[in-house]
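Analysis of the macromolecular model
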Amino acid sequence: MTTVNSVTDLTLDGEVAVITLNSPPVNALSAPVREGLFEGFKAAGADAAAKAIVLICEGRTFIAGADIAGFGSAPVGPSLAEVQAMMESSPKPVIAAIHGTALGGGLEVALCANYRVAVPSAKVGLPEVNLGLIPGAGGTQRLPRIVGAEKALEMVTSGVHVAAKEAAAMGLVDELVEEGKLREGAVAFARKVLAEGRPLKRVRDNDDKVAPARGHPEIFANFRKANARKFRGFLAPEQNIRAVEAAVNLPFDQGLIEERRLFDEVMAGPQTGAQRYAFFAERAANKIPDVPDDTPIRPIKKVGVLGSGTMGGGIAISFINAGFDVVVVDMKQEALDRGLGVIRSTVTKNAERAGLTPAQTEARLANTRGSLDMAEAFKDVDLVIEAVFEDMGVKKDVFAKLDAICKPGAILASNTSYLDLDEIASVTKRPQDVIGMHYFSPANIMKLLEVVRGAKTAKDVLATVMKIGKQTGKVPVVSGVGPGFIGNRMLRQRGLQAEALVLDGADPATIDKLMYDFGFPMGPFQMMDVVGMDVIKDLPGQLSIRGAMFNAGRLGQKGVGGFYNYDANRNQSPSPEAAEVVEGFRKAKGATARPVSDEEIMDRSLLLVINEGAKILEEGIAIRSSDIDTIWLNGYGWPVYRGGPMYYADQLGLKNVVAKLKQYQAKLGDEWKPAALLEKLAAEGKGFADFKR
Ligand code: T1G
């Protein structure tokens, strides 16, 4: 074995040279990795004994892309293009051996090999679009030359990780080798290539896959049209489409130049910074300073869910889909039957979409059951999650029962979205086993899981629930106890300001349009129409604009309409009736309408949300500002290309944010007083990202 550099070694297996990368955690294309590849291929090329070359990686995965953390730093050592040129000019067959994920630059490296083999569990893809980028190392030019223009469009604009079996069917992988025997399989494949004298085919030379799309601009026009809603606000998808167009219409080397031009445009643009921030923010959220990575995890196999309605059902589905045994309890047979029916049909649909066989689907459902008897159902579960009515009395009653029923060591979780978890835990003899698992509806779809850490929640309970969160496809983020935790507490500020803006004269539709144009899926008033005016009741003696609509018999989409009218297909239209309710609401509140600028609407819709985030940070309810952003990106529809409220504030400059808040404080009152932490960071010329506890 030859050590090429700190992350690369070269061995000779008979007549096959094997270049092995080992650069944890994901063999990203850092400078040492690029150097190792370059020098490895050079050495293997020069070694007369080597007739073929296999590239393989140690660790959890093949190359998972360029080193995202290294973007923007000065280029060191051989570039990726030089490595790829070395591979494509090799007089010896090059085989890439893929396990884990070959993503972005990793797949682009593999596409410069003559052949690719993979284990069945591997996945390949070009997910740069999720970072606000496009593949920048020939991926948009080589991929279409294997899978065709249409499939390439799908892959580069969705960032999908394609399973090896499907990749083989598309020609992206030449052979699937036995799981766990990748190296042997790859060397055997290399020998087969030599023995059969197979050609040194280069992907860049394939034209037959792109030719069918030449002269058919409608392919791209139709693709744009079909995805306009999904790509709304993002820059990278369009750049990816243009790059694939170039692959179809230009010779390879010109296409590469065009790809580089398009790549540089988005790299210099406003969005990729936010999306890369979001990538690392989501991973940082897993780290809890006082809970070490080696904190023991409690074994979880059996999960109990109390409540089979929309929320309980969604929670159950996310656990069933992740392979857990699930028992769902409800009080009435009819409700339980209805809930289990929805759970079964949804799990079946999910399984079909995931390509599972009916037998596999049945196996997934085999360990799911319902019960009307909490004591019987929950006596041996490892984790129980209650999704009952959001009332402190009801919650306390449930937890007192769970405390009596559940086995020692079981985790007792509440799906409360607002209430004091410590007070709930206080009715049990095991507050250390109590934790909040705040799901967002629909719980089987929404990615966010706000994990509420009580004052007495044990570290292993927290570590276990964080792990379970990831296992069930969620983005778990820790919140301390406080009214509305992180997300709802901040959202409340936006809701209060939306109402105050209407009282001052702003039109609900204008507020919604500005929020929509900013990138939210919908504005606060559309949201109220979707959720329904009857879900949250006004406190006695209080009248909110939601309450005014409710009193006028306008429940939202579930009724005759709300702030908007709706046709049978739920298409919304302006509502003169709602406008009357709004006018009546102003009168009832003694408010006088005045012109309200778009700037004021945006300021008032976002600045108090940010200010509340600062308070949450200074109170220690959030561990770090990026956690707050991860919550808003995965649970509240904040557009990822704007990074989240705290990242957005840092882009605005905290000095400017403080100045604006003070302007509104002078005009509207002390609720606009900047949070102390915000003032401090602004005075120090820092951002929320600089705040360390
Ligand atoms: N660069 C740097 N660090 C990375 C990384 C990368 N590409 N991918 C992962 N990490 C870190 C991550 O921050 C975490 O660190 C640890 O690895 C484990 O990750 C030229 C321009 C591979 C599917 O977009 O999707 O190539 O928190 O927790 O759940 O065209 O990571 O432990 O300190 O996510 O098992 C394109 C990004 C780059 C893939 C593994 N590639 N990575 O998931 O572990 S752009 C990507 C992932 C590019 C070229 C362009 C996932 C994963 P820490 P993890 P995981």
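Residues numbered from 1 in each chain as written. Predicted model: local features only at pLDDT ≥ 70, side-chain atom pairs only at ≥ 80, totals over all residues. Heavy atoms only, no water.

The subject of this paragraph is the site of the ligand. With respect to spatial proximity, 27 residues lie near the ligand, and among them R60, A66, E108, R283 and K287 are the closest. Contact with the protein chains hides 78% of the accessible area of the ligand, taken as 1,000 Å² for the molecule alone. Elements that contribute at least two residues to the shell around the ligand include exactly β6 (101–103), α3 (105–110) and α12 (271–284). In terms of residues, the shell around the ligand owes the most to one element, α12, which gives 3 residues. The residue makeup of the shell around the ligand, split by class, is 15 nonpolar, 5 polar and 7 charged. (Near = heavy atom within 4 Å. Areas by Shrake-Rupley, 256 points an atom, 1.4 Å probe, with all protein chains shown as cover. Helix = DSSP H or I, 4+ residues; strand = E, 2+ residues; numbered from the N terminus. Nonpolar A, V, L, I, M, F, W, Y, C, P; charged D, E, K, R; others polar.)

Moving on to the environment of L677. Locating L677 in the fold gives a position in helix α29 (residues 676–683). Expressed as a C-alpha distance, the spacing of L677 and A614, which sit 63 residues apart in the sequence, is 6.3 Å. Non-local contacts of L677, meaning those with residues more than four positions away in its chain, are made with A614, L617, E618 and F691. (Contact = heavy atoms within 4.5 Å.)

So, on to the sheet that holds β6. The 3 strands are arranged β6-β8-β9 in an open sheet whose pairing can be described as mixed. The open sheet is flanked by β6 and β9 (162–163), the only strands paired with a single partner. Taken together, the 3 bridges between β6 and strand β8 (residues 123–125) define a ladder with parallel strand orientation. Bridging across to β8, L103 finds its partner in G125. (Pairing = 2+ DSSP bridges.)

Right, let's talk about the packing of aromatic side chains for a bit. Enumeration according to the criterion identifies 16 aromatic pairs in this entry. Both rings, one in W632 and one in W638, keep their centres 6.2 Å apart while their planes meet at 90°; by these two values the pair is edge-to-face. For W638, a relative accessible area of 3% gives the class buried. Connected via pairs of aromatic rings, a cluster forms that spans F440, F518, F520, W632, Y636, W638 and Y648. Directly above the ring of Y115 sits R198, whose terminal nitrogen or CZ lies 5.9 Å from the centroid. Here R494 stacks its cationic end above the ring of F520, 4.9 Å away from the centre of that ring. (Phe/Tyr/Trp six-rings, centres within 6.5 Å; stacked < 30°, edge-to-face > 60°. Buried < 20%, exposed > 50% of the residue type's maximum accessible area, 1.4 Å probe, protein only. Lys NZ or Arg CZ within 6 Å of the ring centre and 35° of its normal.)

It is worth spelling out the pattern of salt bridges at this point. Following the criterion strictly, the structure yields 52 salt bridges and no others. Residues K396 and E423 are paired through a salt bridge, measuring 2.9 Å at the closest nitrogen-oxygen approach. Placement of the pair is K396 in helix α17 (residues 392–405) and E423 in helix α18 (residues 421–425), with a sequence separation of 27 residues. Judged by its relative accessible area of 25%, K396 falls in the partly exposed class. Two residues, E684 and K680, come together in a salt bridge whose shortest N-O distance is 3.0 Å. E684 sits in the partly exposed class, given a relative accessible area of 37%. (Salt bridge = Lys/Arg side-chain N within 4 Å of Asp/Glu carboxyl O.)

Further remarks concern the pairing of strand β15 (residues 411–414). Neither face of β15 is left uncovered, since the one carrying I411 and A413 and the one carrying L412 and S414 both have all their residues buried. Here 4 bridges tie strand β14 (residues 383–386) to β15, and the two strands are oriented parallel to one another. Following the sheet pairing, I385 is matched in β15 by A413. Tracing the backbone out of β14, into α17 and back to the parallel element β15 gives a crossover that is right-handed. In terms of strand pairing, β15 meets strand β16 (residues 434–439) through 3 bridges, oriented parallel. In the strand pairing of β16, S414 is matched with G436. (Right-handed = clockwise from strand over helix to strand, strands pointing away.)

Take the packing of helix α13 (residues 310–321) against helix α14 (residues 333–353) next. Two elements in contact, α13 and α14, have axes whose closest approach is 10 Å; the angle formed by their N-to-C orientations is 40°. In this view, α13 runs oblique relative to α14, as classed from their interaxial angle. Like other packed secondary-structure pairs, α13 and α14 cross with a definite hand, here right-handed. Here G313, A316, I317, I320 and N321 of α13 lie close against α14, whose contacting residues are I343, T346, V347 and N350. Its residues assigned to classes, the contact of α13 with α14 comprises 5 nonpolar, 4 polar and no charged. (Axes fitted to C-alpha atoms, helices over the stretch in contact; angles between N-to-C directions. Parallel < 35°, antiparallel > 145°, perpendicular 65-115°, else oblique. Left-handed = near helix turned anticlockwise from the far one by under 90°.)

We now examine the side chain of S308. Within the secondary structure, S308 is located in the loop between β11 (302–306) and α13. For S308, a relative accessible area of 7% gives the class buried. Of note is the side chain of S308, whose polar atom sits 2.6 Å from the side chain of D330. Among the polar contacts listed, one links the side chain of S308 to the backbone oxygen of A335, at a separation of 3.3 Å. If sequence neighbours within four positions are ignored, S308 has contacts with G313, V328, V329, D330, A335, L336 and G339. (Polar contact = N/O pair within 3.5 Å; in protein donor to acceptor, adjacent residues only side chain to side chain.)

What follows is about the environment of A404. Turning to its location among the elements, A404 is positioned in helix α17. The spacing of A404 and T348 is 56 residues in sequence and 35 Å in space, taken between C-alpha atoms.

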